[in-house]
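Observations on the model geometry
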Amino acid sequence: MAKLMMKGNEAMALAALKGGCKAFFGYPITPQSELPEYLSRYMKEYGGIFLQAESEIAAINMVYGASAAGVRVMTSSSSPGIALKQEGISYMSGAELPGVIINVMRGGPGLGGIQPSQADYKQVTRGGGNGDYYCLAFAPESLQETVDIIKEAFDLSEIYRNPVMIAVDGLIGQMMEPVDIDKELPKRDIPKNDWATNGTLGQRERRIVNSLYLDPKELEEHNLRLHKKYEKMRETEQRYEIVQGDDAEIMIVAYGTMARICRSAIEILREQGIKVGLLRPITLWPYPVKAFKQLSSSVKGLLTCELSMGQMLDDVKIANEGRLPIAFFGRSGGMIPETEEIVDAVIKMREGLSNE
Amino acid sequence: MSKIVFKRTKGLTDNEFSYCAGCTHGIIHRLVAEVLEELDLIDKSIGISPVGCAVLNYNNFNCDMVQAAHGRAPAVATGIKRVSPNRIVFSYQGDGDLASIGTAEIVHAAHRGENITVIFVNNAIYGMTGGQMAPTTLVGQKTSTSPLGRMVEHSGSPIKMSELLATIPGAAYIERVSVHNPLHIKKAKQAVKKAFEMQIENKGFSLIEFISTCPVNWGMTPIDALKWAEENMVPYYPLGVYKDVTKEAK
């Protein structure tokens, strides 16, 4: 199918509709507002429900309700709004309810700013809500990848009965790119829904959607069951891309918009004869530790680049297991680095390595 | 020859209630469950359990049940009802849940005219956490966080939710009832029935506020607690219909 030129937020909204989303609940916040705006216009054509909630807290609890009723449901927000949704995300994880949550990240902490940022890495991967839980978390770098992942996210969310987070920085939400919204994706078998509370209609036993286990023995069993599910995600869902890694001396580790800037930097550096590659995590949780285990023996160091002061850096250290030296380059507050800044950071790291 | 004159309603499971002796939650559960049975709604209902003493009532109502975060039941109910408009959706919430932490959710559910039914149980105290002051605690009433009694200059006046919600255009039916004696229990059941009928007829948001008791945290015998509710709560929280769109239309 021909590609459409679309704005990121609108492409994400259309991708949700194409992915079978039948309900959306959200609250306005910059820089993602075009997403609910688009759905308010088109959701009805797709036979779904759009409702603007009174708050992010209400929105995520409406998601909880619609999901409990067995419907494909999504919400979107930006960093401070996601913070408000965390309680609901914890409840969804505890009650094992599917749902897709898009976070168009902006700078923080507090009200922060409205410019693109990756400062929610920990909020997205560690869960701001209470308890022992994880969400599958994707961090695409282009609109095509974003729309593909949104469509897949609904399937994965139902397969695992777990919320899925999609973290894009504000730049991806605001920029325009050509996308093929109908690109064929792998078909997955979705397990039969035998848990939704949508009325027994006298045809089955009643069901309960719940995250309360007052008996510590029962709660531990529940935690172990969830843990098993997270282990399966760790085993099967790690996703990453390695660019020009075969002969690289330095591997840049970066995701989202930062990864795209790093691609440009790599081109410039390669022209200068400096062998640099890119390890681009596509899932932030589970973190693609497998990628670090198969790096070429030519790699002498890792340079982590983020639109934050180094939140993914901790995961890079964990995945690296002390093998290689690690350097960091970050911009924050909504500032986007020039390609040359990345080039300089690589050159500086290279000099440091050769002095050792 | 013997015949059955009284039995458990099909609206309740045979799960034992987890409430303290003398607590009126049990009566209110039964009234709701009887109405579900009498209106033939059990098979198409989804109930929302709150956080508070009634948190475990997903074990008691004999229909699909969803446990919600503290105060968020009206938002959860909204999510369910919007995607399944031909089901009956009700929330069951206490005064801490509905009148304190969940005020935004209840006010906006009413404002949108969500076609749901809310059972609101007001016992003027936080029961499950051990008897702390609630937004509904009466002036002068002693609780574990108002040991000298609630003072208006410090904590404001007790909140009157039925009066507040009745001002909202989207509210279709609002009534306050009490269960302190058999006469009022009978009236309360009629109110619950009316609220569910409003939902069946797609009239919009309905809420029944129950004046309830908490003998343990009030430090009273069950009988004294019923008397205290009648003599102290009912005068401050007058019983009656606060909103009825079917009457206004006539």
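Here we look at the overall build of chain A
Secondary structure assignment for chain A yields 12 helices and 15 strands. Here chain A has a C-alpha radius of gyration of 21 Å; the compact-globule value for 356 residues is 21 Å, and the two agree. Across its three principal axes, chain A shows a C-alpha extent of roughly 75 × 50 × 40 Å. Put simply, chain A has 356 residues, and 53% of those count as buried.

Section: helix α2 (residues 34–42) of chain A
Those residues of α2 of chain A lying buried are Glu34, Leu35, Pro36, Tyr38 and Leu39 of chain A. Looking at the packing, one finds that the buried side of α2 of chain A touches β1 (4–7), α1 (8–18), β2 (23–26), β3 (49–52), β4 (73–77) and β5 (99–105) of chain A.

What about the interface of chain B and chain A?
Contact with chain B, which involves 28 residues of that partner, is made by 35 residues of chain A. The element best represented in the side of chain B that touches chain A is helix α2 (residues 73–83) of chain B, accounting for eight residues.

So, the sheet that holds β5 of chain A
Residue and element names in this part refer to chain A. With respect to topology, seven strands assemble into an open sheet ordered β3-β2-β4-β5-β7-β6-β13, the strand pairing being mixed. Single-partner strands in this sheet number two, and they are β3 and β13 (283–285). Strand-to-strand twist in this sheet, taken as the mean axis angle between neighbours without regard to direction, amounts to 20°. Pairing of strand β6 (residues 136–138) with strand β7 (residues 163–169), which is carried by three bridges, proceeds in the parallel orientation. Its bridge partner lying in β7, leucine 136 is registered against valine 164. Its contacts with the sheet place helix α6 (residues 143–160) against β5, β6 and β7, and it is angled at close to 160° to β7.

Structural notes on the domain arrangement of chain A
Residues and elements named next belong to chain A. One can read the domain layout of chain A as domain 1 (4–236) and domain 2 (241–355). Summarising the inter-unit geometry, the C-alpha centres of domain 1 and domain 2 are found 29 Å apart. Contact residues are listed per partner, giving 27 residues for domain 1 and 22 residues for domain 2. Tallying contributions element by element places helix α5 (residues 121–126) first for the side of domain 1 that touches domain 2, with four residues. Classifying every residue of the side of domain 1 that touches domain 2 gives 16 nonpolar, six polar and five charged.

Structural notes on the sheet that holds strand β12 (residues 276–281) of chain A
All names here are of chain A. Sheet architecture is open: five strands sit in the order β10-β12-β11-β14-β15, paired in mixed fashion. Lying at the two open borders of the sheet, with one neighbouring strand each, are β10 (240–243) and β15 (326–330). Strand-to-strand twist of the sheet, defined as the mean angle between neighbouring strand axes without regard to direction, takes the value 20°. Two elements, strand β11 (residues 250–253) and β12, share four bridges in a ladder whose sense is parallel. If you follow isoleucine 250 over to β12, its bridge partner there is valine 276.

Here's the deal with the nonpolar core
Grouped together as the largest cluster of nonpolar side chains are 186 residues, with contacts concentrated most on Ala137, Ile166, Ile252, Cys262 and Val346 of chain A together with Ile80 of chain B. Tallying contributions element by element places helix α3 (residues 56–68) of chain A first for this core, with nine residues. Two domains each donate at least three residues to this core, and these are domain 1 (4–236) and domain 2 (241–355) of chain A. Leaving out residues up to four positions away in the same chain, isoleucine 166 of chain A has contacts with Val100, Ile102, Asn103, Phe138, Ile149, Ile150 and Ala153 of chain A.

Brief notes about the pairing of β3 of chain A
Residue and element names in this part refer to chain A. Judged from the four bridges that link them, β2 and β3 form a sheet pairing that is parallel. Residue pairing in the sheet places phenylalanine 24 in a bridge with phenylalanine 50 of β3. Assessed by its sense of winding, the connection that carries the chain from β2 through α2 to β3 is right-handed.

With respect to the packing of α2 of chain B against helix α4 (residues 103–111) of chain B
All names here are of chain B. Packing of α2 against α4 leaves a shortest axis separation of 7 Å and a crossing angle of 40°. On the basis of their axis angle, the class for α2 and α4 is oblique. Contacts between α2 and α4 involve Pro74, Ala75, Ala77 and Thr78 from the first element and Glu105, Ile106 and Ala109 from the second. Residue composition of the contact of α2 with α4, grouped by class: five nonpolar, one polar and one charged.

Thresholds, definitions, all that
- Residues numbered from 1 in each chain as written.
- Chains lettered and ligands numbered in written order.
- Predicted model: local features only at pLDDT ≥ 70, side-chain atom pairs only at ≥ 80, totals over all residues.
- Helix = DSSP H or I, 4+ residues; strand = E, 2+ residues; numbered from the N terminus.
- Rg over C-alpha atoms; globule rule 2.2 N^0.38 Å.
- Buried ≥ 20, exposed ≤ 12 C-beta atoms within 10 Å, placed from the backbone.
- Contact = placed C-beta atoms within 7 Å.
- Pairing = 2+ DSSP bridges.
- Axes fitted to C-alpha atoms, helices over the stretch in contact; angles between N-to-C directions.
- Domains from an automatic or database assignment.
- Nonpolar A, V, L, I, M, F, W, Y, C, P; charged D, E, K, R; others polar.
- Core = buried A, V, L, I, M, F, W, Y, C linked by C-beta atoms within 7 Å.
- Right-handed = clockwise from strand over helix to strand, strands pointing away.
- Parallel < 35°, antiparallel > 145°, perpendicular 65-115°, else oblique.

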